[in-house]
Amino acid sequence: MRDRITGAKALMRALQGEGVKTIFGYPGGSIMPVYDALFDYTRGEKKCFDHILVRHEQGATHAAEGYARISGEVGVALVTSGPGVTNTLTGIADAMLDSTPIVVIAGQVAIGALGTDAFQEVDLVGVAQPISKWSYQIRHAEDVAWAVSRAFYIARTGRPGPVVLDFARNAQVEEIDWEPKKVDFIRSYVPYPKLDEALVREAAELINNAKKPLALVGQGVELGNAQEELKAFLEKADIPAGRTMLGLSALPSNHPLNVGMLGMHGNYAVNLKEQECDVLIAIGMRFSDRVTGNLKTYAKQAKIIHLDIDRSEIDKNVKTDVAVVADCKESLPALTALLHAADHKEWRESFRELDAKEREKVIEPAIHPTSGPLLMGEVVNAVAEQAADDAILVTDVGQNQLFATRYFKYHHKRSICTSGGLGTMGYGMPAAIGATFAAPQRTVCCFMGDGGFQMCIEELGTIMEQKAPVKMILMNNHYLGNVRQWQDMFWLKRKSFTKMMNPCYELIAQGYGIPYQAVTDRKDLEAAVRRMLTTDGPFILECAIKEDDDVLPMTPPGMNVNDMMLEI
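Residues numbered from 1 in each chain as written. Predicted model: local features only at pLDDT ≥ 70, side-chain atom pairs only at ≥ 80, totals over all residues. Heavy atoms only, no water.

Taken as a whole, this structure holds 29 salt bridges when the rule is applied. For lysine 409, the salt bridge is made with glutamate 385, and the minimal N-O distance between the two is 3.8 Å. Residue lysine 409 is located in the loop between α17 (399-407) and β16 (416-417), and its partner glutamate 385 is located in helix α16 (residues 376-386); the two are separated by 24 residues in the primary sequence. Residues participating in the shared-partner salt-bridge network are Arg159, Asp310, Glu313 and Lys316. (Salt bridge = Lys/Arg side-chain N within 4 Å of Asp/Glu carboxyl O. Helix = DSSP H or I, 4+ residues; strand = E, 2+ residues; numbered from the N terminus.)

Turning to empty space enclosed by the protein, a few remarks are in order. Counted according to the given criterion, the structure contains 1 cavity of 30 Å³ or more. Approximately 50 Å³ is the volume found for the largest cavity. If you trace the largest cavity, you find it lined by Arg69, Gln219, Glu222, Leu246, Arg414 and Ile416. Residue classes in the lining of the largest cavity are distributed as 2 nonpolar, 1 polar and 3 charged. (1 Å grid on protein atoms, 1.4 Å probe; cavity = no way out; pocket = protein on both sides within 12 Å on 5 of 7 lines; lining within 4 Å. Points joined across faces, edges and corners; volume = space filled by probe spheres on them. Nonpolar A, V, L, I, M, F, W, Y, C, P; charged D, E, K, R; others polar.)

Next up on the list: the pairing of strand β12 (residues 279-283). Within a regular beta strand, the side chains point alternately toward one face of the sheet and then the other, so they alternate between its two faces. A large share of β12 lies buried, amounting to 5 of its 5 residues. What you see with β12 is no split at all: Val279, Ile281 and Ile283 on one side and Leu280 and Ala282 on the other are buried throughout. (Buried < 20%, exposed > 50% of the residue type's maximum accessible area, 1.4 Å probe, protein only.)

A word on the packing of α16 against α17. For the pair α16 and α17, the least separation of the axes is 9 Å and the interaxial angle reads 45°. With respect to each other, α16 and α17 are oriented oblique. Note on packing geometry: the crossing formed by α16 with α17 is right-handed. Each of Met376, Gly377, Val380 and Ala384 in α16 lies in contact with α17, whose residues at this interface are Gln399, Asn400, Phe403, Ala404 and Tyr407. The class makeup of the residues in the contact of α16 with α17 is 6 nonpolar, 3 polar and no charged. (Axes fitted to C-alpha atoms, helices over the stretch in contact; angles between N-to-C directions. Parallel < 35°, antiparallel > 145°, perpendicular 65-115°, else oblique. Left-handed = near helix turned anticlockwise from the far one by under 90°. Contact = heavy atoms within 4.5 Å.)

Moving on, we get to α16. Burial within α16 is extensive, with 9 of its 11 residues counted as buried. All of the buried residues in α16 are Met376, Gly377, Glu378, Val379, Val380, Asn381, Ala382, Val383 and Ala384. Along its buried surface, α16 packs onto α15 (345-367), α17, β17 (444-449), β18 (470-476), α23 (525-534) and β20 (539-544).

What follows deals with the environment of leucine 223. Here leucine 223 is to be found in helix α10 (residues 220-223). Judged by its relative accessible area of 25%, leucine 223 falls in the partly exposed class. In this view, leucine 223 contacts Ser99, Pro160 and Arg414; residues no more than four positions away in its chain are not counted.

The next subject is the packing of aromatic side chains. According to the stated counting rule, one finds 14 aromatic pairs in the structure shown. On the basis of an interplanar angle of 90° and a centroid distance of 5.9 Å, the ring pair of tyrosine 153 and tyrosine 189 is categorised as edge-to-face. Linking tyrosine 153 in helix α7 (residues 144-156) with tyrosine 189 in the loop between β8 (175-177) and α9 (197-208), this pair joins segments that are 36 residues apart in sequence. Taken individually, tyrosine 153 and tyrosine 189 each receive the classification buried, so the pair is uniform in this respect. Counting every residue linked through ring pairs, the aromatic cluster contains Phe24, Tyr67 and Phe437. Between arginine 150 and the ring centre of tryptophan 134, over which it is positioned, the NZ or CZ distance is 4.8 Å. (Phe/Tyr/Trp six-rings, centres within 6.5 Å; stacked < 30°, edge-to-face > 60°. Lys NZ or Arg CZ within 6 Å of the ring centre and 35° of its normal.)

Within the open sheet, the 6 strands sit side by side as β16-β15-β17-β18-β20-β19. Their pairing is parallel. Each edge of the sheet is formed by a strand with only one pairing partner; in this case those strands are β16 and β19 (516-519). Strand direction decides the pairing type here: strand β15 (residues 392-395) and β16, joined by 2 bridges, are parallel. Counted as the bridge partner of leucine 393 is isoleucine 416 from β16. Most of the contacts of α16 go to β18, to which it runs at about 165°, and overall it touches β17, β18 and β20. Lying on the sheet, α23 is in contact with β17, β18, β19 and β20; it crosses β20 at an angle near 160°. (Pairing = 2+ DSSP bridges.)

Just geometry here; none of it tells us what the structure is for.
Dropping the structure here:
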């Protein structure tokens, strides 16, 4: 007997075949046949998916991102056409810049109506193509199995990224004979380049002869699941390592070779030492402008080795001496095998004086102030001190992100979820929801400023409905803090539209039935954090923050990386 089903049901089977367990979505007219099919797959004996009803389609993509970043699996968002899918574009662009594997499936008008300006018609493939890894329109039900398999293959392999499927309504209701498809090869797509052993030997020779080697660790190590390979590499050659913001949990905070965070607001020693090292080894990172500062002067004294899976990143920003294009899960062990056991104690010790200077001038005043209003650094530190070792940090964007990433503690892999490349305000809350579904056994701490909190405040409804155990730390300074800091530093203190009038967050929390506590005095902070972390389910902890709390250190934009300021 033939197994004849609709395209919508074919989608359910194809997603099941890809191992999808959680879908973040919002229904609408053009995707209604799919939602009708989904009904049977989310309840009863046939249940194989959890569908999380978000309150805004942008929230669906960020939740899918959070799920993907923490689980290592592909996140899935399901939305309707027109404004439903245009609302996802920010999340798609965010996932593209941060190499996050998500698949966004959107309804579309029937193919007979394409090009007629039909209700809620938009050229999704044309719009999404520049900001996605692949975008494709499913015009007929017979293409569903192939398109879904190809989409997941592209999203999860090589350098991961977002894929968009535009699902025409006629294809959702057409009937076909079901036949599963498996795509594991695309002729023009080489996700895992072949390792060039000659280049590995060249890189090893440079490292073996180095007196002052320095590694820069990016998110590629996390994406390649190469955390243990990284440690073996660093430990054999005794190489200190700085980490990009997205790569912070690739190496534990307490590892003896960890020398801090790179970048504009990273740690003082590692940023200055980039200008002193003789061999610089970049691993799974893209030399972002926020890491390098002025490219004309960046690390000109060093031989540059770049390990990356994406050939397009090689020499894009920083000219390399040796480039090893391969998965770091493969390239790191190959390189480690050729290294001599080394001892760079004198070089490593040279970081300590600079670390001590930063601790005295920046860190201690930030995390252990003795008077005045609460500071963001001390709030983050208070949470980090009490949170479980496997806690996950999720942040929004702005000062809250910079303080949180600096002062949180990372003990386990895949412990950070933040918007790096696009810097998307409103990312934090929905990404944290996704993280709770990816790792329900781990504590998810989400730091937000008052600006970012309000950008996706509607997702409190999702948290309420799902009882998602997001620990929300709202650091409220009544300003768009990062912009305010730049206005103070570079725009003659002309605070143009950065001060915010805020609502009563206690009443908002009350409306959503979410436990809440406000802290205005540091003597109450420790107990409030303890209450938050020990309360089952979600919690909002609002902290009244000093209005002009500044993030330091800081390399001013366009300046050399060693022009880092410890004070303003």
